[in-house]
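# A closer look at the structure
These are the residues of each chain, in order.
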Amino acid sequence: GEDVEQSLFLSVREGDSSVINCTYTDSSSTYLYWYKQEPGAGLQLLTYIFSNMDMKQDQRLTVLLNKKDKHLSLRIADTQTGDSAIYFCAETEVGNMLTFGGGTRLMVKP
Amino acid sequence: GEEVAQTPKHLVRGEGQKAKLYCAPIKGHSYVFWYQQVLKNEFKFLISFQNENVFDETGMPKERFSAKCLPNSPCSLEIQATKLEDSAVYFCASSLLGQGGQPQHFGDGTRLSIL
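Heads up: these notes are all about the structure in this document. This one's a predicted model, so the numbers in the text were calculated from it and none came from an experiment.

## Here we look at the overall build of chain A
In terms of helices and strands, chain A carries zero helices and eleven strands. A compact globule built from 110 residues should have a C-alpha radius of gyration of about 13 Å, and chain A, at 13 Å, falls within 12% of that. With the C-alpha coordinates aligned to their principal axes, the bounding extent of chain A is approximately 40 × 30 × 20 Å. In chain A, buried positions account for 45% of the 110 residues. Contacts spanning at least 24 positions in sequence make up 54% of the contacts within chain A whose residues lie at least 6 apart. Taken as a whole, chain A presents about 5,300 Å² of accessible surface, with 50% of it coming from carbon and sulfur. Measuring between centres, the 10 positive side-chain charges of chain A sit 5 Å from its 14 negative side-chain charges.

## Structural notes on the interface of chain A and chain B
Across the boundary between the two partners, chain A contributes 20 residues, which contact 22 residues of chain B. Interface area, chain A with chain B, both sides summed: about 1,600 Å², of which 58% is carbon and sulfur. Contact with chain B buries area across many residues of chain A, yet A:Leu43, A:Asn96 and A:Met97 alone supply 31% of it, more than any other trio. Inspection of the chain A/chain B interface yields zero salt bridges. Across the contact surface, chain A and chain B share three residue pairs in polar contact (both at pLDDT 80 or more). When residues in the side of chain A that touches chain B are grouped by element, the largest group, four residues, is from strand β4 (residues 31-37) of chain A. In terms of residue class, the side of chain A that touches chain B is made up of 13 nonpolar, six polar and one charged.

## Observations regarding the packing of aromatic side chains
Using the criterion set out here, one finds 17 aromatic pairs over all chains in the structure. The residue whose ring lies beneath A:Lys56 is A:Tyr48, and the NZ or CZ to ring-centre distance is 4.4 Å.

## A few points about the side chain of A:Gln37
Examined against the element boundaries, A:Gln37 turns out to sit in strand β4. Judged by relative accessible area, A:Gln37 falls into the buried class, the value being 8%. A polar contact of 3.1 Å, which involves the side chain of A:Gln37, links it to the backbone oxygen of A:Ala41. Residues in contact with A:Gln37, not counting those within four places in the same chain, are A:Gly42, A:Leu43, A:Ala85, A:Ile86, A:Phe88, B:Gln37 and B:Phe91.

## Digging into the sheet that holds strand β6 (residues 55-58) of chain A
All names here are of chain A. Strand order across the open sheet formed by five strands is β1-β3-β8-β7-β6, with antiparallel pairing between neighbours. The two strands at the open ends of the sheet, each matched to only one other strand, are β1 (4-6) and β6. Sheet twist, expressed as the average angle between the axes of neighbouring strands with direction ignored, equals 15°.

## So, the sheet that holds strand β1 (residues 5-7) of chain B
All names here are of chain B. Spatially, four strands are ordered β1-β3-β8-β7 in an open sheet, and the strand pairing comes out antiparallel. In this open sheet, the two edge strands, each paired with only one partner strand, are β1 and β7 (65-68). Averaged over all pairs of adjacent strands, the angle between their axes in this sheet comes to 15°, without regard to strand direction. The pairing of β7 with strand β8 (residues 75-79) spans four bridges and is classified as antiparallel. Bridge pairing in β8 links Ala67 to Leu77.

Rules used throughout
- Residues numbered from 1 in each chain as written.
- Chains lettered and ligands numbered in written order.
- Predicted model: local features only at pLDDT ≥ 70, side-chain atom pairs only at ≥ 80, totals over all residues.
- Heavy atoms only, no water.
- Helix = DSSP H or I, 4+ residues; strand = E, 2+ residues; numbered from the N terminus.
- Rg over C-alpha atoms; globule rule 2.2 N^0.38 Å.
- Buried < 20%, exposed > 50% of the residue type's maximum accessible area, 1.4 Å probe, protein only.
- Contact = heavy atoms within 4.5 Å.
- Areas by Shrake-Rupley, 256 points an atom, 1.4 Å probe, with all protein chains shown as cover.
- Lys, Arg positive; Asp, Glu negative; His and termini not counted.
- Charge placed at Lys NZ, Arg CZ, Asp CG, Glu CD.
- Buried area = accessible area lost by both parts, 1.4 Å probe.
- Salt bridge = Lys/Arg side-chain N within 4 Å of Asp/Glu carboxyl O.
- Polar contact = N/O pair within 3.5 Å; in protein donor to acceptor, adjacent residues only side chain to side chain.
- Nonpolar A, V, L, I, M, F, W, Y, C, P; charged D, E, K, R; others polar.
- Phe/Tyr/Trp six-rings, centres within 6.5 Å; stacked < 30°, edge-to-face > 60°.
- Lys NZ or Arg CZ within 6 Å of the ring centre and 35° of its normal.
- Pairing = 2+ DSSP bridges.
- Axes fitted to C-alpha atoms, helices over the stretch in contact; angles between N-to-C directions.

Next comes the structure, spelled out in structure tokens:
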């Protein structure tokens, strides 16, 4: 079946850039998503990218997709303490069920 | 509404009791999804609906879990004869269309605790 992998933990200093990485196995993934989850809260959609794109930028967020290597990354510029959360990547085919990675906990130190 | 609304926020049940969770999708969204988030943040897809019709139920445990989306009512997920392993946060999401690229918007979840 499909598999989505993420590293468990990332620690950065406030003001630095954060890069969260994700790999997936499903060649037929059409859309890839990044969600943010704060403690006790639901999933907040941050951004998403279609598989025929290489890059998408949205304010402080930059998504890079290497379809050949099945690698997705999320870069957060000028990381703030409010960015501390768990970040999930997810993929879907046209059939639309989301397959999630295990989440990366981002800790931002002042 | 503009947000996916899930009720209740917390639900505590004794083992063997019934649990029923509710979800009101964003107005105008045709697709509803249920996911279960267990320990270590793992998400498991349960079931999806296109309006009131089951679209994909491949993740649904057959024996004790059931779900409905009826017209003019919140969608519901019901667990009969709950077990300790059912303790999890259950998330509902809705999307405008079922095709990829129509993002799924999530509610805040219902935390189910089975004692």
